[in-house]
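Descriptive analysis of the structure
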Amino acid sequence: MRVILVDDEEELISALAERLSFRGIEADWATNAEETETLVSENQYDLAVLDVKMPKTSGLDLKRILQKIAPSMKYIFLTGHGSGKDFEAGAAEAGANYYLVKPVKIEDLVEKMKEAVGK
Amino acid sequence: MNCKLDIVCETGLQFFGKMSSSNFHEIKNALAIINENAGLLEDFSNMTSEGRIIDSERLMVLARKIMKQVRRTDEIVRNINRFSHSVDDFVKRVDVGETVGFVATISERFAVMRGVVLEPKHPETQVRIITSPFFLENLIWLCLDFAMNAAGDGKTVGLITEETESGARVRFTRLDALGESSENMFPTEREEALIKVLGAYLTVNTEAGEIILGLAKTI
């Protein structure tokens, strides 16, 4: 499985990518919409993990952009919000397969990733 | 619900909630970084127990990252604590320059999300007035919120505190797109209500790209 992780917190996303690699998941990462668009245009990913609240372009907006570049890519959203009701509605509207609240358990994330891509 | 909230109370509660949730969101981000880096340490620990050698410098880097996030969290908690205490006294002596800097600090995430840089400039000498600390913070935030939307392509908002004969003045500067924003939208009834409470005045100078908040020496 090859995934792309997107969050404006570089120290979070780089550590998460390394932990996923130890679990057999090839993970690239980006900290903004522009970097993500470039990576998704140049590579084939099964899944994108997007932070909902990012500067300039939100995770939900970024998903709409990426869908045009990689229509079959699946999505998982990460949120820092303690209360998930509003986010759940937003994620459902955006067609997210799954969402998780930060901080995430790596086992939960891997499980959701496998479910999302059907592996 | 039979009672109707006064607009000042309503605005104050919204401000309190907005700042609290934004700063708690920042704490969640810091905790998430601590979680992943501690998780990496755990992964490395498991690897060493399987006989793999891990560079000690790598472990040191992870430990430093965790400590950095603990310091970040501590600072956010201290700010939230200070913010919560700003309702303790309705009226007290306040350092305006310091209050402007504090509001800029707790609003930082909103600025980052909009790609705006805040540049508070502290006065050389303290500018002190007797006012309501919480409602002053609230009014500074409302001005700043509007100013960030009017920052234009420069994406920078200057915050300059000055002493005046009648008290103090806070200038929100470098608002390149102030002319493009509808002047009728600002001040709204929320700002007007707080202006009355604080005995303040607001001037929107489109040509200079500035909003000026004048504050009375005492309320």
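Criteria and thresholds
- Residues numbered from 1 in each chain as written.
- Chains lettered and ligands numbered in written order.
- Predicted model: local features only at pLDDT ≥ 70, side-chain atom pairs only at ≥ 80, totals over all residues.
- Core = buried A, V, L, I, M, F, W, Y, C linked by C-beta atoms within 7 Å.
- Buried ≥ 20, exposed ≤ 12 C-beta atoms within 10 Å, placed from the backbone.
- Helix = DSSP H or I, 4+ residues; strand = E, 2+ residues; numbered from the N terminus.
- Contact = placed C-beta atoms within 7 Å.
- Arc of directions from axis to C-beta.
- Axes fitted to C-alpha atoms, helices over the stretch in contact; angles between N-to-C directions.
- Parallel < 35°, antiparallel > 145°, perpendicular 65-115°, else oblique.
- Nonpolar A, V, L, I, M, F, W, Y, C, P; charged D, E, K, R; others polar.
- Pairing = 2+ DSSP bridges.
- Domains from an automatic or database assignment.

1. Some remarks on the nonpolar core
Residues B:Leu139, B:Ile140, B:Cys143, B:Leu144, B:Ala147, B:Val157 and B:Phe172 are the most contacted members of the largest nonpolar core, which totals 40 residues. At the level of elements, α1 (7-49), α3 (96-106), α5 (133-149), β4 (156-164), β5 (167-173), α6 (189-198) and β7 (210-216) of chain B are the ones that each hand at least two residues to this core. Among the elements that line this core, the one with the most residues is α5(B), at eleven residues. Excluding its chain neighbours within four sequence positions, the residues that come into contact with B:Cys143 are B:Phe172, B:Ile211 and B:Leu213. Formed by 36 residues, the second largest nonpolar core is a distinct cluster that contains A:Ala27, A:Tyr75, A:Phe77 and A:Leu109.

2. Side note on α6(B)
It helps to recall that an α-helix has 3.6 residues per turn; residues three or four apart then point in one direction. Residues and elements named next belong to chain B. When α6 is considered as a whole, its buried residues turn out to be Ala193, Leu194 and Leu198. Relative to the axis of α6, the buried residues are bounded by an arc of 125° and lie together on one face. Facing away from the buried surface of α6 by more than 90 degrees, the exposed residues are Glu189, Glu192 and Lys196. Turning to α6, the residues buried within the fold contact α1, β3 (128-131), α5 and β7. Looking one or two residues past α6, Gly199 carries a phi angle of roughly 60°, positive in sign.

3. Topic: the packing of α1(B) against α5(B)
Residue and element names in this part refer to chain B. Running from N to C, α1 and α5 cross one another at 75°; their axes reach a closest spacing of 10 Å. Classified by the interaxial angle, the pair formed by α1 and α5 is roughly perpendicular. Between α1 and α5, the residues in contact are Thr11, Gly12 and Phe15 and Phe134, Phe135, Asn138 and Trp141, respectively. The residue makeup of the contact of α1 with α5, split by class, is four nonpolar, three polar and no charged.

4. Notes on the pairing of strand β6 (residues 201-205) of chain B
All names here are of chain B. Here β6 pairs with β7 via five bridges, running antiparallel. Looking across to β7, one finds that Leu202 is bridged to Leu213. Hairpin connection between β6 and β7: a loop of four residues separates the two successive antiparallel strands, and Gly209 in this loop has a positive phi of roughly 65°.

5. Observations regarding the sheet that holds strand β5 (residues 98-101) of chain A
Sheet strands pair via backbone hydrogen bonds, and the direction of the pair is either parallel or antiparallel. Residue and element names in this part refer to chain A. As summarised here, the arrangement of the five strands in space is β2-β1-β3-β4-β5, forming an open sheet in which the pairing is parallel. Lying at the two open borders of the sheet, with one neighbouring strand each, are β2 (26-30) and β5. The average angle at which neighbouring strand axes cross in this sheet is 20°, direction not considered. Note that strand β4 (residues 74-79) and β5 share four bridges and pair parallel. Looking at β5, one finds that Phe77 is bridged to Tyr99. Across the sheet, helix α3 (residues 59-69) lies against β1 (2-6), β3 (47-51) and β4, angled at about 150° from β3, the strand it touches most.

6. Some details on the interface of chain A and chain B
At the junction of the two partners, chain A supplies 16 residues and chain B supplies 16 residues. Here the element with the most residues in the side of chain A that touches chain B is helix α1 (residues 10-22) of chain A; it accounts for seven residues. Its residues placed into classes, the side of chain A that touches chain B shows seven nonpolar, two polar and seven charged.

7. Describing the domain arrangement of chain B
Residue and element names in this part refer to chain B. Splitting chain B by domain gives domain 1 (7-85) and domain 2 (92-216). Each of domain 1 and domain 2 has a C-alpha centre, and the two are 30 Å apart. Counting residues at the interface gives twelve residues for domain 1, matched by 13 residues for domain 2. Broken down by secondary-structure element, the contributors of at least two residues to the side of domain 1 that touches domain 2 are α1 and α2 (56-85). Here the side of domain 1 that touches domain 2 gets ten residues from one element, more than from any other, and that element is α1. Of the residues that constitute the side of domain 1 that touches domain 2, the class distribution is five nonpolar, six polar and one charged.

8. Observations concerning unusual backbone geometry
Of note, the amide linkage connecting A:Lys102 to A:Pro103 takes the cis form, showing an omega dihedral of -10°. You can see A:Pro103 is positioned in the loop between β5 and α5 (106-117). Across the junction of B:Phe186 and B:Pro187, the peptide omega takes the value 0°, indicating a cis bond. In this fold, B:Pro187 is placed in the loop between β5 and α6. Backbone geometry at B:Lys155 places phi at a positive 50°, although glycine is not the residue there. With 14 C-beta atoms counted inside 10 Å, the residue B:Lys155 sits in the partly exposed group. Here B:Arg174, not a glycine, exhibits a phi torsion of approximately 65°, which is positive. By the element assignment, B:Arg174 lies in the loop between β5 and α6.

9. As for α3(A)
Residues and elements named next belong to chain A. Within α3, the full set of buried residues consists of Gly59, Leu60, Leu62, Lys63 and Leu66. End-on view of α3: buried residues confined to an arc of 150°, all on one side of the axis. Looking at α3, the residues exposed on the side facing more than 90 degrees away from the buried face are Arg64 and Lys68.

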